[in-house]
Amino acid sequence: MVELAPSILSADFAHLAEQVQAAADGGGTVVHVDIMDGHFVPNMTIGPPVVQSLRKFTKLPLDCHLMIEDPDKFIGLFAEAGADWISVHQEACIHLDRTLRLIKSHQCLAGVVINPATPVETLSEVLDIVDYVLVMSVNPGFGAQAFIPNSVRKIKRLDEIRGQRRLPYRIEVDGGIAVDTIPEVVRAGAEILVAGNAVFGHGDPRSNAQRLLKVASEATLLRV
Ligand code: DX5
Ligand code: ZN
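Figured I'd write up the structure that's included with this text. (Residues numbered from 1 in each chain as written. Chains lettered and ligands numbered in written order. Predicted model: local features only at pLDDT ≥ 70, side-chain atom pairs only at ≥ 80, totals over all residues. Heavy atoms only, no water.)

1. Brief notes about the sheet that holds strand 2 (residues 31–36)
Heads up, the rule is: A strand pair is defined by DSSP finding two or more bridges across the two strands. Only DSSP runs of H or I covering at least 4 residues are called helices, and only runs of E covering at least 2 are called strands; the numbering of each starts at the N terminus. Only the stretch in contact is used when fitting a helix axis, every axis being a line fitted to C-alpha atoms; angles between N-to-C directions are given from 0 to 180 degrees. Residue contacts follow a heavy-atom distance rule, with two residues in contact if any of their heavy atoms lie within 4.5 Å.
Spatially, eight strands are ordered 1-8-7-6-5-4-3-2 in an open sheet, and the strand pairing comes out parallel. Edge positions in the sheet fall to strand 1 (3–6) and strand 2, since each has one partner strand and no second. Along the sheet, successive strands turn relative to each other by an average axial angle of 25 degrees, direction set aside. Where strand 2 and strand 3 (residues 62–67) come together, six bridges link them in parallel fashion. Its bridge partner lying in strand 3, M36 is registered against M67. Helix-sheet contacts for helix 2 (residues 48–57) involve strand 2 and strand 3, and the interaxial angle to strand 3 is about 170 degrees.

What follows is the structure, encoded as structure tokens:
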């Protein structure tokens, strides 16, 4: 099943609750929360207090995408704040296996993220312990960037590997996801679509989310 994960990075933070509600009314089923520290990526966003406020407001899973250095220091804080899913960048983790197990020890789903320049092969030893793999289809740090087409090949490769190795991880894609890029990522095997600008950047988040999901479900039919 393909799910839409609206990314609040492009939402109006002064009206965050209403914006999240509108995206959920349009069919969004996961709230994607981008955490940036100004070191791992050249931008800064939010921390545990905002996750805690969102937790009180919504029952949807909170998908915390940590774009931070030394994530081990903060995983417990995000879990306590109410994160359901926590993903860390392969590039930021010296002891990736340990970090993923730390996430799981907090009863959160554990995800690993790869930047556009990072090969899928770097994940071969952790694919059996992750709940999801997030393929970045832009360089992380900002919303509304152009989709990097090479990501489609990486999604296909991850889909092949899970078939061959009979692994249950899900594939998420993040960056430049919109009506024009959804068909190819869904056909390649992505099932969690993160979208910031395409949901919150213009117009009504509810109808934007509905339109994206319609395109996604049409692409799913083509996949079979
Ligand atoms: C970028 C973030 C994304 C971002 C995607 O570093 O990880 O989640 O919100 O934004 P769009 O959908 O606008 O490309
Ligand atoms: Zn993200």
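2. Observations regarding the packing of aromatic side chains
The way to describe two aromatic rings as a pair is by their centre distance and the angle between their planes. Put simply, the rule is: Two aromatic rings, drawn from Phe, Tyr or Trp (for Trp, its six-membered ring), form a pair once their centres lie within 6.5 Å of each other, and the interplanar angle then sorts them: stacked below 30 degrees, edge-to-face above 60, tilted otherwise. Throughout this description, buried means an accessible area under 20% of the type-specific maximum (1.4 Å probe, protein chains only), exposed means over 50%, and partly exposed covers the range between.
Counted according to the given criterion, the structure contains one aromatic pair. For the ring pair W85 and Y132, a centre distance of 5.1 Å and an interplane angle of 50 degrees mean the geometry is tilted. With W85 in strand 4 (residues 85–89) and Y132 in strand 6 (residues 132–136), the pair connects residues that are 47 residues apart, well separated along the chain. Residue W85 shares its accessibility class with Y132, and that shared class is buried.

3. Some words on the coordination of the zinc ion (ligand 2)
Selection rule: Ligating atoms shown are N, O and S within 2.8 Å of the metal, or 3.2 Å for Na, K and Ca, and water is not included, meaning a site may look less than complete. Only two sets of limits are used to name each site, 85 to 135 degrees for every angle of a tetrahedral four-donor site, and over 155 degrees for opposite donors with all other angles from 65 to 115 for a square planar four-donor or octahedral six-donor site, with any other site named irregular.
Coordination of the zinc ion (ligand 2) by the protein is provided by H32 (NE2), D34 (OD), H65 (ND1) and D174 (OD), with metal-donor distances spanning 2.0 to 2.2 Å. Taken together, the six donor atoms coordinating the zinc ion (ligand 2) and their angles of 70 to 167 degrees define a geometry best described as octahedral. Written as a sequence motif, the donor arrangement for the zinc ion (ligand 2) is H-x1-D-x30-H-x108-D. Here the residue D34 occupies a position in strand 2, and D174 occupies one in strand 7 (residues 170–174), the gap between them amounting to 140 residues. A relative accessible area of 6% means that D34 is categorised as buried. Judged by relative accessible area, D174 falls into the buried class, the value being 8%.

4. Overview of the nonpolar core
If you look at soluble globular proteins, the nonpolar side chains tend to sit buried side by side. Rules: Joining through side-chain atoms within 4.5 Å is the link that ties buried Ala, Val, Leu, Ile, Met, Phe, Trp, Tyr and Cys residues into a set, and such a set is a nonpolar core.
L100, V185 and L193 are the most contacted members of the largest nonpolar core, which has 66 residues in total. The greatest single-element share of this core, amounting to six residues, is contributed by helix 8 (residues 205–223). For V185, the contacting residues outside a window of four places in its chain are F147, V152, I155, V173, I177, A190 and L193. The next biggest cluster of nonpolar side chains, apart from the first, holds six residues, and it includes A5, V30, W85 and I192.

5. Describing the site of ligand 1
Using the following cut-off: Summary of the distance rule: residues count as near a molecule or strand when at least one heavy atom falls within 4 Å of that molecule or strand. In protein, a polar contact requires one atom able to donate a hydrogen and another able to accept it; more generally it is a pair of N or O atoms within 3.5 Å, and residues adjacent in sequence count only if both atoms are side-chain atoms. Only protein atoms enter the 1 Å grid used here, on which a cavity is any set of points holding a 1.4 Å probe that cannot leave and a pocket is any open set flanked by protein within 12 Å on both sides along at least five of seven lines; residues with an atom within 4 Å of a point are listed as lining. Think of it this way: a molecule belongs to a cavity or pocket when more than half its atoms come within 2 Å of the grid points there. Under the grouping applied here, Gly and all other residues not named as nonpolar or charged are polar, the nonpolar ones being Ala, Val, Leu, Ile, Met, Phe, Trp, Tyr, Cys and Pro and the charged ones Asp, Glu, Lys and Arg.
If you check the shell around ligand 1, you find 20 residues, and the closest are S7, D34, G141, D174 and G176. One of the backbone nitrogen or oxygen atoms of A144 is found 2.8 Å away from an oxygen atom of ligand 1. Between ligand 1 and the protein, one listed contact pairs an oxygen atom with a backbone N or O atom of N197 at 2.9 Å. Taking a 2 Å distance to the grid points as the criterion, the majority of the atoms of ligand 1 fall inside the largest pocket. For the shell around ligand 1, the element with the highest residue contribution is strand 2, accounting for three residues. By residue class, the composition of the shell around ligand 1 is nine nonpolar, nine polar and two charged.

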